[in-house]
Amino acid sequence: MIPYSVNVKLAARTLTGTLNLQNKTAVDWGWQGLIAQGCHSSILIIDPKTSQTIQVLERHKANVVKVKWSRENYHHSLSSPYSLRLASADAAGKIIVWDVVSGTAHCEIQEHSKPIQDMDWLWTQDASRDLLLAIHPPNYIVLWNGDTGTKLWKKSYAENILSFSFDPFDPSNLALLTSEGIVFISDFSHSKPPGSGGKKVYIASPHASPAHTKPVPAALPAPTGAKKALNKVKVLITNEKPTAEAVTLNADCLQLSYLPSKRNHMLLLYPREILILDLELSQTVGVVGIERSGVPFFQVIPCAQRDALFCLHENGCITLRVCRCTTAPDESVAASDPEQSVQELVYDLRSQCDAIRVTKTVRPYRMVICPVNENNAALTVSDGRVMLWELKAHVSKPTVNPSSGLSPLYTPVAFCGSPLGQNQKKIQNLSLNTMIGQSLVSGADPPPPSPQQEVQLKFLLTGLLSGLPLPPFALRMCPPLTTKNINHYQPLLAVGTSNGSVLVYNLTSGLLHKDLSVHSCEVKGIEWVSLTSFLSFATSTPNNAGLVRNELQHVDLPTGRCFAFRGEQGNDEPAIEMMKVSHLKQYLVVVFRDKPLELWDVRTGTLLREMAKNFPTVTALEWSPSHNLKSLKKKQMLAREAMARQTTLSDTEQSSVEYNVISLLQDAESKSEGGGQAISAREHFVFTDTDGQVYHITVEGNTVKDGARIPPDGSMGSIACIAWKGDTLVLGDVDGNLNFWDLKARLSRGIPTHRGWVKKIRFAPGKGNQKLLVMYTDGAEVWDTKEVSMVSSLRIGRNVNYRILDIDWCTSDKVVLASDDGCIRVLEMAMKSASYRMDEQDLTDPVWCPYLLLPRAALTLKAFLLLQPWSGTFTMDITQVDYIEKYEIKGLIQEQLNSMSNDMKSVLLDPELNLLQRCLLVSRLFGDESDLQFWTVAAHYLQSFAQARHLSVPVPEGQTPAEGTQATPQGHLDIYHDTLCESFYFQRFQLERVHLQEVKRSSYDHTKKCADQLLLLGQTDRAVQLLLETSADNPSYYCDSLKACLVTTITSSGPSQSTIKLVATNMIANGKLAEGVQLLCLIDKAADACRYLQTYGEWNRAAWLAKVRLNPAESSDVLKRWAEHLCSPQVNQKSKAILVLLSLGCFHKVGEMLQSMRYFDRAALFIEACLKYGVMEANDSTNKLIGAAFVDYARLLRNLGLRESAAFWASRAGGAGEQLLEELFQGEEAVPEAVPGEEETEGLENTE
């Protein structure tokens, strides 16, 4: 029996190389935690944690130009499981939606045949999670169903569309970057195409509007560098087309995208600056410029968790810029330094990584960042490299460099949404918002000095994937697997490259095993001489006399030792055409272009024979598989026995026959030099000359004998190659004819293939396997020489779009092809380029990706990680749980658990980790967008309401705790939650924003908008100042002056109030909604204003106004109405409604909604958290909900096979769970496990 078996079954795979220019933008990092990257017409799926390629998708015929992972913004269950879906688009206009695990296509979409400009999945997935928006050049946007491939609608625009960006706060907003400017669409919906042509804006330079350019006083020194850039780009965004003399900046706008960190902000990227626009004002509020000597920008990705930008520069350097926290305008500062008082958003450089060496062929292509944690970046380079950078936070000593002027960054106090326990373990670098705390808003108190530490950020290179170099390649697979070498066999493929190095790949894992720099010029051929050593030859470019430098090297793999096999010779001689090693790896034939061949002994490295000058020119040559090694070994055995016998017998009894044998043996032993070497067996080779005559030559030891000659076959042209196996000899010629010789039956049969020059033919390994691989200039074929019939064919232009450069067999049923698109493909014998199933793969490092499991198993794994606290003990071993499932699936789940990082395991096993933190952590691990959002908001508000209750402030449901009780250690929700934030924080943010807008305004329109905002925010004094700025020649001068008077004289007398209210309602009725709302706000009737806004469908505006103007009770009413509206079937944004209700503290309602939407796991865990934090009490009114939620969750767990946890939840559900408990333990004697469960619940209730 073999001590351990080797996995010989190789997966079909593709080794990829350099990228095509069209692949430049084809890379995406999904919520699923994997990176997809286009390489020519294939798509690589990369796991960034272990830097392995785990799948290659092949179906596109043209170069891939875009790839996009689908979003995970929906609740996952058995009916909508965790699955890896990817959309890819190519240069011929085809879009394919893939099921990545199985490597198959869900659907294929084709509209036009031009390259897709841009595409993305819709991020709201309440209505459908399959919608894909694509730009089909030149000017169409089309919405597709990515599951079925049906077209939902199509719309054309006036200009060519370059790219688009969805508003991350409002699904009905979409911005298109066109060749002339930006088009804002505000009525985007999946049910019908946008009605209007959108609002067009042109980006013009400041000189376009003469009224508002301030003449620069001549006395001032000319600004330099970044300052100059700032002046240049106080950009106006205009609605009219810029005039001819106005310089349009749009020409070099590289990118447009909404900021996910705060609402209504957008960034525009230019090579030398990034502009931050406030869309309410259409005005630049921030500029990130580059110094004159700096490296231009190439791409920028804004973060959501913090107001930060990842920027990629043209030299491949990635920088992280974090928005500086703005401080309240301080009068004293303003007086001393007028520069300081001018405010804008400043993004400070906090970290940067090393650049790459940019050359003609090597330049950075794209950067992607991890959407879940936003602290990892990947850079794709044109030579096929993918560099994985990780952002690390280092706790630094305070005031490291006070002169740099950067305010320090602090670590957050909380971990996963809850304050850290005393001895609690945490992962500092889990995500961007666990690395840097919230930046302060003006007016907020500075952080207490105690628990926060200052941090510095650094980039670390944590992974690197490199591709193959540029073609051409020379391939050779190592000798095949046999029963003798099975214990130490490795399927190694040697690839000779154009720069002289030889790459050795292990085909089980697809990873590079050795990269050996062997030659100084292009490698032309490789031959293995054992499982661990090979010979390779390279020839330099010919000189004027047509002579070259030949390099023939012997390489030993384990040590990497190389030596020149032919010694000093090789300079200035005709080029080596080919070399062939005999079957027993004893002899080597080297064939030259215009010089007789050489015959070498491989074992001793000696030249046995250089043929005479009149030796025929060789066109093709092959060693015969037949040899006399067996008979020699038999003779040797006999002789050894005879010798053994001779020592035991007396001399007289020795027969003369034996004496002869012994002398023979001694002769052989002396020949083999000291007996250490193996005996020299006799081997033969055949070759053809230019006339097609076949010669047969025998080699034994150092004797070479000429054998029979066979005259040429008239039907064949010049012979180009020969292959010989068993009793079959095959010849291929330059005209595409194959001649099959059956040596036993002495028959020959010619087949014309009509495919032109036969470049190479190779027999498959394995006893009795008579398959033959043939390479032509335009492709390859597999033939069965027993039947003399073709098995499969591959032809350029017909089924592939690449040329074949070299071929070989890698196992008895798989071939390996090198092609001119820089890839090497391992294919089945049918040579259909196919993606493989990921679960059949043999990966070197285990990959954490629950999406690779079966849907049931992925949900089980999630439940297992969430359910840890109930079982009383903490375990990461699935086998310790009562789990009914097939052994293989259990094994796969355990593999996933084992592949987690040690930090993650220790945090999950930490008894201090509370339920909310666990839910948040698991949703991060799974990359579950909708879960992550829900638990972030839920954790925050559960704790702040619990704290308010703890401070014995009675807060009625539906009202946020007042500002005084907000002294929670975790502060407030981040501003990227927008209207879900606490009112006091939201107000502060809006005031600060208006202040910024005011500083930045540059036209009457801007001033007017600022004044309007100030009035709504209740800042009447400032508003009056702005209104009085209107110049006398402005048509609105009179109106504005009157408005200023009105604002200052408003008194709360009854008659004036009722008049203003009447005027306001009339205005609203006559279509002047904004003006009416302003008047209502002036007389403190903001609640009515909100009602009117909601009536007229301005829901977001109403929520905004309620947050900044109303008291908690009134604001709560407005937001509740909004939540109801969001739940209505025509809007269908229930997930958003749930978040709104959470921010109001309507926890009972949230529980009911989750239950009615069948989100059983989320409902049960949420209610459990509510009970734990004491914001919900188990009484008659709530018991029904609690029972229903727990029993439904128990049923779900039972379906997944987790009996123990199902029993626990059923026992918690009171009366409702009794029946389920009986079902669970039918057939068992008692119900033992439910009892500890009950005790546990009592314990829990006592702690409340």
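The rules behind the values
- Residues numbered from 1 in each chain as written.
- Predicted model: local features only at pLDDT ≥ 70, side-chain atom pairs only at ≥ 80, totals over all residues.
- Heavy atoms only, no water.
- Helix = DSSP H or I, 4+ residues; strand = E, 2+ residues; numbered from the N terminus.
- Contact = heavy atoms within 4.5 Å.
- Areas by Shrake-Rupley, 256 points an atom, 1.4 Å probe, with all protein chains shown as cover.
- Core = buried A, V, L, I, M, F, W, Y, C linked by side-chain atoms within 4.5 Å.
- Buried < 20%, exposed > 50% of the residue type's maximum accessible area, 1.4 Å probe, protein only.
- pLDDT = per-residue confidence, 0-100.
- Pairing = 2+ DSSP bridges.
- Phe/Tyr/Trp six-rings, centres within 6.5 Å; stacked < 30°, edge-to-face > 60°.
- Lys NZ or Arg CZ within 6 Å of the ring centre and 35° of its normal.
- Patch = residues over 30% accessible without salt bridge, like charges linked within 9 Å, V, L, I, M, F, W, Y side chains within 5 Å.
- Salt bridge = Lys/Arg side-chain N within 4 Å of Asp/Glu carboxyl O.
- Lys, Arg positive; Asp, Glu negative; His and termini not counted.
- Charge placed at Lys NZ, Arg CZ, Asp CG, Glu CD.
- Polar contact = N/O pair within 3.5 Å; in protein donor to acceptor, adjacent residues only side chain to side chain.
- Axes fitted to C-alpha atoms, helices over the stretch in contact; angles between N-to-C directions.
- Parallel < 35°, antiparallel > 145°, perpendicular 65-115°, else oblique.
- Left-handed = near helix turned anticlockwise from the far one by under 90°.
- Nonpolar A, V, L, I, M, F, W, Y, C, P; charged D, E, K, R; others polar.
- Arc of directions from axis to C-beta.

Quick rundown of the overall build of the chain? Include the residues and the values.
Within the chain, the secondary structure is distributed over 27 helices and 60 strands. Taking the intrachain contacts of the chain between residues at least 6 apart in sequence as the baseline, contacts between residues at least 24 apart amount to 56%. As displayed, the chain has an accessible area near 54000 Å², and 52% of this comes from carbon and sulfur atoms.

Break down the nonpolar core for me, citing the residues and quoting the values.
One finds Ile45, Leu865 and Phe1166 to be the most contacted residues of the largest nonpolar core, which totals 178 residues. Those residues in contact with Ile45 that sit more than four places away from it in its chain are Leu34, Ile35, Ala36, Gln52, Thr53, Ile54, Gln55, Leu57, Trp69, Leu86, Val100 and Met838. Of all hydrophobic cores here, the second largest spans 30 residues; its members include Phe473, Leu492, Leu503 and Ile526.

Got a sec to walk through the confidence of the model for the chain? Specific residues and values, please.
Confidence in the prediction of the chain, expressed as mean pLDDT, is 82, and 85% of residues score 70 or more. For the stretch residues 1-7, pLDDT sits under 50, and the model shows nine contacts to residues farther than four places along the chain or on other chains. Contacts for the low-pLDDT stretch residues 242-248, under 50 throughout, to residues beyond four places or in other chains number seven contacts.

How would you sum up the pairing of strand E38 (residues 523-528)? Please name residues and give values.
Among the six residues in E38, five count as buried, and that is most of the element. Inspection of the sheet shows E38 paired to strand E39 (residues 533-539) by five bridges, in the antiparallel sense. Within E39, the residue paired with Ile526 across the bridge is Ser536.

Quick rundown of the packing of aromatic side chains? Include the residues and the values.
Counted by the stated rule, this structure contains 23 aromatic pairs. When the centroid spacing of 6.0 Å and the interplanar angle of 20 degrees are considered together, the rings of Tyr587 and Trp623 count as stacked. You can see Tyr587 sitting in strand E43 (residues 587-592) and its partner Trp623 sitting in strand E46 (residues 620-627), a full 36 residues away along the chain. Members of the aromatic cluster, connected to one another through ring pairs, are Tyr587, Phe615, Trp623, Phe685, Phe687 and Tyr695. Over the aromatic face of Tyr157 sits the side chain of Lys155, whose NZ or CZ is 5.3 Å from the ring centroid. Seen from the ring of Trp757, Lys759 lies directly overhead, with NZ or CZ sitting 4.6 Å from the centre.

Go over a positive patch on the surface, please, and point to the residues and values.
The grouping of Lys484, Lys630, Lys633 and Lys767 at the surface amounts to a positive patch. Examined against the element boundaries, Lys630 turns out to sit in helix H5 (residues 629-648).

For the pattern of salt bridges, give the residues involved together with the corresponding values.
Scanning all chains against the criterion turns up 50 salt bridges. A salt bridge links Arg385 to Asp383; its shortest N-O distance comes to 3.0 Å. Here Arg385 falls in the partly exposed class, since its relative accessible area comes to 22%. Ionic pairing is found between Arg709 and Asp706, a salt bridge with its closest N-O pair at 3.1 Å. Each of Arg476, Glu527, Arg762 and Asp808 takes part in one network of salt bridges that share partners.

How would you summarise helix H19 (residues 1099-1109) if you had to cite specific residues and measurements?
For H19, the tally of buried residues reaches eight of 11 residues, placing the bulk of the element in the interior. Restricting attention to buried positions, one finds in H19 the residues Trp1099, Ala1102, Ala1103, Trp1104, Leu1105, Ala1106, Lys1107 and Val1108. Looking at the buried residues of H19, the elements they touch are helix H12 (983-1000), helix H13 (1004-1017), helix H17 (1073-1082), helix H18 (1086-1095) and helix H20 (1112-1127).

Describe the pairing of strand E28 (residues 376-381), naming the residues involved and giving the relevant values.
Counting buried residues in E28 gives six out of six residues, a clear majority hidden from the surface. Taking every second residue as pointing to the same face, both faces of E28 are buried, with Asn376, Ala378 and Thr380 on one and Ala377, Leu379 and Val381 on the other. Both strand E27 (residues 364-369) and E28 contribute to a ladder of five bridges, which runs antiparallel. Bridge assignment links Met367 to a residue of E28, and that residue is Leu379. Relative to strand E29 (residues 386-395), E28 is paired through five bridges, and the arrangement is antiparallel. Along E29, the bridge assignment pairs Leu379 with Met387.

Describe the environment of Asp1033, and please don't skip the residues or the numbers.
For Asp1033, the location among the structural elements is in the loop between helix H14 (1020-1027) and helix H15 (1037-1049). On the basis of relative accessible area, Asp1033 is assigned to the exposed category, the value being 69%. A polar contact is formed between the side chain of Asp1033 and the side chain of Ser1031, at a distance of 2.8 Å.

Requested: an account of the sheet that holds strand E36 (residues 501-506), with residues and values cited.
With antiparallel pairing, four strands are arranged side by side in an open sheet as E34-E35-E36-E37. Each of the sheet's edge strands pairs with one partner strand only, and the pair in question is strand E34 (474-477) and strand E37 (511-517). Averaged over all pairs of adjacent strands, the angle between strand axes in this sheet comes to 20 degrees, irrespective of strand direction. Bridging between strand E35 (residues 492-496) and E36 involves five bridges; their strand directions are antiparallel. Each bridged residue has a counterpart across the sheet, and for Val495 the counterpart in E36 is Leu503.

Describe the sheet that holds E29, with residues and values.
Across the sheet, which stays open at both edges, the five strands sit in the order E27-E28-E29-E33-E30 with antiparallel pairing between neighbours. Strand pairing shows two members of the sheet lacking a second neighbour, E27 and strand E30 (409-410), which therefore form its edges.

Report on the packing of helix H22 (residues 1147-1156) against helix H23 (residues 1160-1173), specifying residues and quantitative values.
Relative orientation and spacing of two packed helices are given, respectively, by the angle between their axes and the distance between those axes. Orientation of H22 relative to H23, taken along the N-to-C sense of each, is 160 degrees, at an axis distance of 8 Å. Judged by the inter-axis angle, H22 sits roughly antiparallel to H23. The element H22 and its partner H23 pack so that their crossing is left-handed. Listed contacts from H23 to Phe1147, Val1150, Gly1151, Leu1154 and Gln1155 of H22 are Phe1160, Arg1162, Ala1163, Phe1166 and Cys1170.

Please provide a residue-by-residue account of the packing of H22 against helix H24 (residues 1180-1200), values included.
With their axes 11 Å apart at the nearest point, H22 and H24 run at an angle of 35 degrees to one another. Note on packing geometry: the crossing formed by H22 with H24 is left-handed. Across the interface between the two elements, His1148, Gly1151, Glu1152 and Gln1155 from H22 touch Ser1181, Thr1182, Leu1185, Ala1188, Ala1189 and Asp1192 from H24. In terms of residue class, the contact of H22 with H24 is built from three nonpolar, five polar and two charged.

Quick one: what's the story with helix H9 (residues 902-909), residue by residue and with numbers?
Taken together, the buried positions of H9 are occupied by Met904, Lys905, Val907 and Leu908. Down the axis of H9, the sector holding all buried residues measures 165 degrees, keeping them to one side. Along its buried surface, H9 packs onto strand E31 (414-415), helix H7 (855-866), helix H8 (887-898) and helix H10 (915-926).

Hey, could you go over unusual backbone geometry for me, with residue numbers and the actual values?
Residues Pro137 and Pro138 are joined by a peptide bond in cis, for which omega reads -5 degrees. You will see that Glu374, though not glycine, has its phi angle at about 55 degrees, which is positive. With respect to the element layout, Glu374 can be found in the loop between E27 and E28. Phi at Asp1084 is positive, roughly 55 degrees, even though this residue is not glycine.

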